[in-house]
Amino acid sequence: MGIYAATDKLPARRAGGTPIKVGSAALDTSEISLVKVKKVIKQTLAQLPALTTVAVVEVATGNCLAHVSRLRGFDPATVAAHHAETVRQQQQALAALPGRAGRLDDILIPLRKQLHLIRVARNGRWFVYLAVQAQDTSLALAREVLKSIIV
Amino acid sequence: MAYSTNSPAGKVVQDVLDNLPGLVAVAVVDITSGMALASHSNSPNINPETAAAYNTEVVKQKQKAMSALKLTGENIEDILITLTNQLHLIKLAGNKFIYLAVNARETNLAIAREVLRSSAENLN
């Protein structure tokens, strides 16, 4: 599989796989390692080859650190920003609950024909956004895959 | 203990546990989502939720295989999987299935299957 960083200035050719697009500008300002981000995306792709979109996003800034998508005209910046907002709002809602609700693990969004999942890293600084077709996998399987990758 | 005996699924898990106290793991699983409605494990190695997710794929693939073979009017009753030391059984009931893992040395396949058959009647 080809992996192209945004700074490589390589043409986005499809050489036996979908290239991982890395948001290098966003990565420079984040504390998350590029190696880890790429590993997460590669492992998710390996276990769910039919996935529609997978992206690693920073919670605080909403920056998309890396993504792979099979959708034409997929805009990682917008999708990442909106989902980061979802995560932040949910974290705030949990913080506002009386008692100790615990850490946010994942958010599951079942649509009619698609499943969208958000799995927040243990440190709460970044999350993985995954979109799959409902006919390809089940909600539980996609969740287990993300759980096994992001520990 | 990941179930409540107030629900039909929880009752089934309790029922299977009462009949096979030495079982490794048991779960009642929704086929659409692959999520366990109720589950119990006696082994630290088997997470019944993980088993539920992956075994749902087994059921779905078999259903796909049957539709590809045009086996209309046929339904999967159960799926029996023999491992070196364990038996894994999947008993379908409507849109749900019961997943059961037992130790092959302790439990007879026929008994395990019979327990699932009688428990599945209470599921829907």
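Scroll up a little and you will see the structure.
Treat the numbers as computed from the prediction; the structure is a model and nothing was measured. (Residues numbered from 1 in each chain as written. Chains lettered and ligands numbered in written order. Predicted model: local features only at pLDDT ≥ 70, side-chain atom pairs only at ≥ 80, totals over all residues. Heavy atoms only, no water.)

A.B. asks: Looking at this model, I keep getting lost on empty space enclosed by the protein. Mind explaining?
C.D. replies: Picture a little ball the size of a water molecule; that probe, rolled over the atoms, points out where space is still empty. Within the structure shown, the criterion is met by 1 cavity of 30 Å³ or more. Here the largest cavity defines a volume of roughly 50 Å³. Taken together, Ala140(A), Arg143(A), Glu144(A), Lys147(A), Gly34(B), Met35(B), Ala36(B), Glu49(B) and Ala53(B) form the lining of the largest cavity. Those elements that provide at least two residues to the lining of the largest cavity are helix 4 (139–149) of chain A together with helix 2 (48–68) of chain B. Ranked by residue count, the leading element in the lining of the largest cavity is helix 4 of chain A, at 4 residues. (1 Å grid on protein atoms, 1.4 Å probe; cavity = no way out; pocket = protein on both sides within 12 Å on 5 of 7 lines; lining within 4 Å. Points joined across faces, edges and corners; volume = space filled by probe spheres on them. Helix = DSSP H or I, 4+ residues; strand = E, 2+ residues; numbered from the N terminus.)

A.B. asks: Before we go on, may I ask you to explain the sheet that holds strand 3 (residues 78–82) of chain B in this structure?
C.D. replies: Sheet strands associate in pairs through backbone hydrogen bonding, adopting either a parallel or an antiparallel arrangement. Residue and element names in this part refer to chain B. Pairing is antiparallel across the open sheet formed by 5 strands, whose spatial order is 2-1-5-4-3. Strands at the two margins of the open sheet, each flanked by one partner only, are strand 2 (36–41) and strand 3. Each adjacent strand pair in this sheet contributes to an overall mean axis angle of 10°, direction not counted. Here helix 1 (residues 8–19) sits on the sheet in contact with strand 1 (25–30), strand 2 and strand 5 (96–103), set at roughly 25° to strand 2. (Pairing = 2+ DSSP bridges. Axes fitted to C-alpha atoms, helices over the stretch in contact; angles between N-to-C directions. Contact = heavy atoms within 4.5 Å.)

A.B. asks: Looking at this structure, I do not really get the nonpolar core. What am I missing?
C.D. replies: One recurring pattern in soluble globular proteins is that nonpolar side chains are buried together. Of all hydrophobic cores here, the largest spans 33 residues; its most connected members are Ile41(A), Val56(A), Trp126(A), Val128(A), Leu130(A) and Ile150(A). Elements that contribute at least two residues to this core include exactly strand 2 (20–22), helix 1 (24–29), helix 2 (34–47), strand 3 (53–58), strand 4 (64–69), strand 6 (114–120), strand 7 (126–133) and helix 4 of chain A. With 7 residues, helix 4 of chain A is the largest single contributor of residues to this core. Leave out the neighbours within four places in its chain, and Val56(A) touches Val37(A), Val40(A), Ile41(A), Asn63(A), Cys64(A), Leu65(A), Ala66(A), Trp126(A), Phe127(A) and Val128(A). Grouped together as the second largest cluster of nonpolar side chains are 22 residues, Tyr3(B), Leu89(B), Val102(B) and Ala112(B) included. (Core = buried A, V, L, I, M, F, W, Y, C linked by side-chain atoms within 4.5 Å. Buried < 20%, exposed > 50% of the residue type's maximum accessible area, 1.4 Å probe, protein only.)

A.B. asks: Which parts of the structure should I look at to understand the interface of chain A and chain B?
C.D. replies: How large an interface is tends to be reported as the accessible area lost when its parts come together. Counting from both sides, the interface comprises 12 residues of chain A and, opposite them, 11 residues of chain B. Taken over both partners, the interface formed by chain A and chain B buries close to 820 Å², and the fraction arising from carbon and sulfur atoms is 57%. For the pair chain A and chain B, the number of links is 0 salt bridges. Viewed at the interface, chain B and chain A are joined by 4 residue pairs in polar contact (both at pLDDT 80 or more). For the side of chain A that touches chain B, the leading source of residues is helix 4 of chain A, giving 6 residues. Here the side of chain A that touches chain B is built from residues that sort into 5 nonpolar, 4 polar and 3 charged. (Buried area = accessible area lost by both parts, 1.4 Å probe. Salt bridge = Lys/Arg side-chain N within 4 Å of Asp/Glu carboxyl O. Polar contact = N/O pair within 3.5 Å; in protein donor to acceptor, adjacent residues only side chain to side chain. Nonpolar A, V, L, I, M, F, W, Y, C, P; charged D, E, K, R; others polar.)

A.B. asks: Honestly, unusual backbone geometry in this entry has me stumped. Any pointers?
C.D. replies: Trans is the common state for peptide bonds, and a negative phi is the common state for residues other than glycine. Residue and element names in this part refer to chain B. Here Lys70, not a glycine, exhibits a phi torsion of approximately 55°, which is positive. Structurally, the position occupied by Lys70 is in the loop between helix 2 and strand 3. In this structure Lys70 comes out as exposed when scored by relative accessible area, which is 66%.

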